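Single-letter residue listing:
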Amino acid sequence: MSDTSVTTRRPLADRTLPGPQERGRATFLHSLHAEWIKLRTMRSTLWVALGTLVAGVGLAALNGASAGGEHATLAPADQAVFDPLGTALKGYMLAQVTLALLGGLVITAEYGSRTIVPTLTAVPHRSRVLAAKGAVLAVAAYAVGVATMLAGFAAGQSALAGAGAPHVQLSDPESLRAVFGGALYLTLAALLGLAVGTLVRSTTATVTTMFATLLIVPAFGPALPGPLADWAAVYWPPTAGGQIVTGYRDPALLDPWPGLGVLALCVAVLLTAAFLTFRRRDA
Amino acid sequence: MIEVRGLTKRYHEVRAVDSLDFTVRRGEVTGFLGPNGAGKSTTMRMILGLDAPTSGTATIDGRPAAAHPAPLRAVGALLDAGALLPSRSARHHLLALAAGNGIPRRRVQEVLDVVGLGSAARRAAGTYSLGMKQRLGIAAALLGDPPVLVLDEPLNGLDPEGIVWMRRLLRGLAAEGRAVMVSSHLMNEVERTVDHLVVIGRGRLIADTSMAAFIAAHSSPREVVVRSPRAEVFASRLAAEGAAVRRGDDAQSLVVTGLTAPVVGALAAARGIELHELAPRRPSLEHAFMELTQDSAEYAATAGTGADKETF
Ligand SMILES: Nc1ncnc2c1ncn2[C@@H]1O[C@H](COP(=O)(O)OP(=O)(O)OP(=O)(O)O)[C@@H](O)[C@H]1O
Ligand SMILES: [Mg+2]
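Residues numbered from 1 in each chain as written. Chains lettered and ligands numbered in written order. Predicted model: local features only at pLDDT ≥ 70, side-chain atom pairs only at ≥ 80, totals over all residues. Heavy atoms only, no water.

Let us look at the sheet that holds strand β10 (residues 223-227) of chain B. Residues and elements named next belong to chain B. The strand order across the open sheet built from 4 strands is β11-β12-β10-β13, with neighbouring strands paired in antiparallel fashion. At either end of the open sheet lies a strand with only one pairing partner, and these are β11 (244-247) and β13 (277-280). Each adjacent strand pair in this sheet contributes to an overall mean axis angle of 20°, direction not counted. Here 5 bridges tie β10 to strand β12 (residues 253-257), and the two strands are oriented antiparallel to one another. (Pairing = 2+ DSSP bridges. Helix = DSSP H or I, 4+ residues; strand = E, 2+ residues; numbered from the N terminus. Axes fitted to C-alpha atoms, helices over the stretch in contact; angles between N-to-C directions.)

Structure, rendered in structure tokens:
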């Protein structure tokens with residue numbers, strides 16, 4: 001093995017080591033760079049990105065084909081509320097879970113492998129670390145989100161058209177809102193995963209929580225006792241936020257942007273809790 | 001320089017670290033010793049700003065670790081060599097750490113070469129052996145070329161060559177004027193590597209002294225080991241001269257206290273007693289350490305597996 005670093009002893013007075021202050025200062029940009037390297041060299045990142053795309057496109061194509069086939073048999077009242085936009089973007093249901101998992105992993109993988117120790121030794125500035133993780137994650141999730149929503153839209157609309165059902169163009173303002181707003185929704189889901197992951201530290205616990213929050217509560221909300229079910233159908237943050245990917249507007253529910261706002265608010269509150277906890281906690 | 005003042009960490013009712021005061025100086029390797037659970041790792045974590053002290057302070061060159069503008073350039077640490085993402089390569093692990101402190105990429109290759117991992121740099125860290133992980137941990141500690149190093153049991157898992165390499169590395173780092181703080185349970189190695197000792201037990205400071213002074217202060221009286229085919233006869237002769245004599249490892253061997261080796265040798269010559277061995281026992285750090293920490297070992301094994309307490 002190499003001996004290159006081993007020097008001979010020399011008197012202390014000779015030493016010429018510069019003091020730490022005389023050299024560079026670590027900044028938020030440095031942390032962004034570090035977190036980007038970590039995100040891109042985490043094996044799960046690639047799988048999550050691919051899984052999100054496949055789930056988004058697959059669900060869109062399947063939904064488009066089956067809903068398109070049923071369209072002709074629907075009663076006129078049901079035909080009136082047929083939503084080609086929402087049908088083609090149903091893939092967000094799975095994509096939100098995979099991206100929330102990625103968001104969780106960004107921090108739980110560090111606790112799981114204990115790399116949180118070297119990470120915080122290098123950058124003891126806790127808020128900087130978490131903010132950099134959030135920023136890098138948000139950009140990556142938005143990019144994957146846009147790709148997923150665009151591909152899903154294309155697959156879903158062509159499946160609908162193929163079945164002879166109504167379909168919409170991407171250039172419609174509603175479509176643009178749903179596709180790019182939907183990508184924002186997915187970004188918020190990823191940040192939700194990060195917030196929960198920071199609070200609970202365990203990958204398994206994060207996954208369980210995300211499944212319950214994003215899929216189980218929205219699906220079984222109607223089974224809740226009356227007023228709670230009514231509240232959840234409108235205000236449960238993932239349900240409210242999900243309005244961003246629909247074309248048909250149910251007057252009983254929130255409009256797309258206010259709905260997404262509810263989710264954003266909820267994510268902001270949880271992220272704040274995550275920051276406060278992360279700052280105080282021993283590594 | 002590391003300055004620890006009144007440092008205390010309480011976990012519920014347990015004082016894992018209890019009002020510690022000590023200084024780790026530049027140009028020296030300071031051994032940080034104590035039985036299992038003494039609080040060594042906890043102290044190091046507080047020095048690095050990873051855990052918040054219940055009270056007291058720990059500073060590196062005058063300020064807390066977290067207050068340095070680029071912490072890796074102020075202090076390098078190896079706390080837990082296994083803290084690696086198994087699927088990430090060693091190189092990417094170091095690149096991420098370096099990036100966070102604005103340390104240039106080429107420094108990553110430099111430190112990988114220093115620890116001898118240059119050719120394994122692109123392998124997933126999960127495939128590394130324990131010794132390779134320790135080397136990678138050292139590489140991470142050296143990234144910022146820091147004037148202060150904090151290493152928790154860096155010898156664990158190293159092969160004999162690795163141990164010799166580590167000894168030379170630590171000595172070299174101190175010779176360059178750095179402050180090197182290193183914990184270990186390998187007393188023989190510590191004895192060969194370290195200039196200064198800080199010993200703790202149950203979270204409290206029990207010694208802060210130079211290596212030589214520590215051994216001198218905490219060693220039993222000098223002993224001389226003698227082997228002779230006429231051990232019985234010689235034993236009574238030595239006793240008559242006022243020495244305390246007990247049986248050694250076998251029937252031919254004696255352990256003599258109270259007389260120096262030259263005196264024992266002269267007595268044997270005068271009586272015409274044949275000697276096969278005449279050796280003054282070198283006082284060792286291991287012995288001194290065990291004597292000192294007997295009372296403060298928290299998780300000491302109880303006697304009874306037949307192992308001799310004297311383990312030279
Ligand atoms: N997070 C924690 N919660 C509760 N107790 C803890 C925690 N960390 C350490 N301790 C306790 O603090 C004491 C000191 O532990 P520490 O790991 O610092 O000892 P050590 O000197 O490094 O021991 P070893 O030689 O075995 O590595 C132990 O009693 C340990 O159980
Ligand atoms: Mg320890």
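Having seen the structure, we can now continue with the description.
Moving on to unusual backbone geometry. What is expected of a backbone is that most residues other than glycine have negative phi and most peptide bonds are trans. Residue and element names in this part refer to chain B. In this structure, Ser19 takes a positive phi of about 45° despite not being glycine. Relative to the assigned elements, Ser19 resides in strand β2 (residues 14-24). Judged by its relative accessible area of 36%, Ser19 is partly exposed. Positive phi, normally seen in glycine, also occurs at Glu153, with a value near 50°. Assignment of secondary structure puts Glu153 in the loop between β6 (148-152) and α6 (160-175). (Buried < 20%, exposed > 50% of the residue type's maximum accessible area, 1.4 Å probe, protein only.)

Attention now goes to helix α7 (residues 126-162) of chain A. The end-to-end C-alpha distance of α7 of chain A, which contains 37 residues, comes to 53 Å, matching closely the 54 Å that a straight helix rising 1.5 Å per residue would cover. Looking one or two residues past α7 of chain A, Gly164 of chain A carries a phi angle of roughly 75°, positive in sign. (Expected span 1.5 Å × (residues − 1).)

Once that is clear, we can look at the site of ligand 1. All names here are of chain B. Taken together, 13 residues are adjacent to ligand 1, and Gly37, Lys40, Ser41, Thr42 and His185 come closest. Gly39 places a main-chain nitrogen or oxygen 2.9 Å from an oxygen atom of ligand 1. In the model, an oxygen atom of ligand 1 is placed 3.4 Å from a nitrogen or oxygen of the Glu153 side chain. A total of 640 Å² of accessible area belongs to ligand 1 in isolation, and the protein chains cover 63% of it. In terms of residue count, helix α1 (residues 40-47) provides more of the shell around ligand 1 than any other element does, 3 residues in total. Of the residues in the shell around ligand 1, the class split is 5 nonpolar, 6 polar and 2 charged. (Near = heavy atom within 4 Å. Polar contact = N/O pair within 3.5 Å; in protein donor to acceptor, adjacent residues only side chain to side chain. Areas by Shrake-Rupley, 256 points an atom, 1.4 Å probe, with all protein chains shown as cover. Nonpolar A, V, L, I, M, F, W, Y, C, P; charged D, E, K, R; others polar.)

Right, let's talk about the confidence of the model for chain B for a bit. All names here are of chain B. A residue-level look at chain B finds 94% of positions with pLDDT of 70 or above and a mean pLDDT of 91. Below a pLDDT of 50 lies the segment residues 303-312, which in the model reaches 8 contacts outside its immediate sequence neighbourhood of four places, other chains included. Reported confidences for the modelled complex are a pTM of 0.87 and an ipTM of 0.87. (pLDDT = per-residue confidence, 0-100. Contact = heavy atoms within 4.5 Å.)

With that out of the way, let us pick up the interface of chain B and chain A. Contact residues are listed per partner, giving 58 residues for chain B and 45 residues for chain A. Where chain B abuts chain A, roughly 4400 Å² becomes buried across the two surfaces, and 57% of that area is made up of carbon and sulfur atoms. At the boundary of chain B and chain A, one finds 1 salt bridge. Of all elements in the fold, only α2 (71-74), α3 (90-100), α4 (106-114) and α6 of chain B reach the threshold of two or more residues within the side of chain B that touches chain A. Here the residues of the side of chain B that touches chain A are counted per class, giving 26 nonpolar, 14 polar and 18 charged. (Buried area = accessible area lost by both parts, 1.4 Å probe. Salt bridge = Lys/Arg side-chain N within 4 Å of Asp/Glu carboxyl O.)

For chain A, the mean per-residue pLDDT works out to 88, and 92% of the residues sit at or above 70. The model gives residues 18-22 of chain A a pLDDT under 50, and that stretch makes 7 contacts with residues more than four places away or in other chains.

This part is about helix α2 (residues 43-71) of chain A. Residue and element names in this part refer to chain A. In this model α2 runs 42 Å from its N-terminal to its C-terminal C-alpha over 29 residues, within 8% of the 42 Å that 1.5 Å per residue would give. For α2, the complete set of buried residues consists of Thr45, Val48, Thr52, Ala55, Gly56, Ala60, Gly64, Ala67, Gly68 and His71. Considering only its buried residues, α2 is in contact with α1 (28-40), α3 (76-80), α4 (84-88), α5 (92-113) and α7.

Now for the pattern of salt bridges. Residue and element names in this part refer to chain A. Enumeration according to the criterion identifies 22 salt bridges over all chains in this entry. Put simply, Glu174 and Arg249 hold a salt bridge, and the shortest N to O gap is 3.4 Å. Placement of Glu174 in helix α8 (residues 173-200) and of Arg249 in the loop between α11 (237-242) and α12 (256-280) is noted, with a sequence separation of 75 residues between them. For Arg249, a relative accessible area of 42% translates into the label partly exposed.

This part takes up the sheet that holds β2 of chain B. In a beta sheet, neighbouring strands pair by backbone hydrogen bonds and run either parallel or antiparallel. All names here are of chain B. Pairing is antiparallel across the open sheet formed by 3 strands, whose spatial order is β2-β1-β4. For this open sheet the edge positions go to β2 and β4 (55-60), each flanked by a neighbour on one side alone. Put simply, the sheet's adjacent strands are angled 20° from each other on average, direction ignored. With 7 bridges joining them, strand β1 (residues 2-11) and β2 adopt antiparallel strand pairing. Counted as the bridge partner of Val4 is Phe22 from β2. Most of the contacts of α1 go to β1, to which it runs at about 120°, and overall it touches β1, β2 and β4.

Residue and element names in this part refer to chain B. Of all hydrophobic cores here, the largest spans 140 residues; its most connected members are Ile2, Leu94, Ile138, Leu143, Leu197 and Leu285. Dropping the residues within four chain positions of it, Leu143 is found in contact with Leu72, Leu94, Leu97, Ala98, Ile103, Arg107, Val108 and Val111. Counting 15 residues, the second-largest nonpolar core is a separate cluster that includes Val224, Leu259, Ala261 and Ala268. (Core = buried A, V, L, I, M, F, W, Y, C linked by side-chain atoms within 4.5 Å.)

All names here are of chain A. UniProt records the feature "transmembrane region" (unreviewed entry) at residues 46-69, 89-109, 130-155, 175-196, 203-221 and 257-278, using the numbering of this structure. What you have in residues 89-109 is 86% helix and 0% strand, and the ends, taken at the C-alpha atoms, are 30 Å apart. The distance separating the terminal C-alpha atoms of residues 203-221 is 25 Å; by composition the span is 95% helix and 0% strand. (UniProt positions renumbered as here; feature names shortened; annotations may be inferred.)

With respect to the element layout, Arg281 of chain B can be found in the loop between β13 and α11 (285-293). Sequence-wise, Arg281 of chain B and Val225 of chain B are 56 residues apart; in three dimensions their C-alpha atoms are separated by 6.8 Å.

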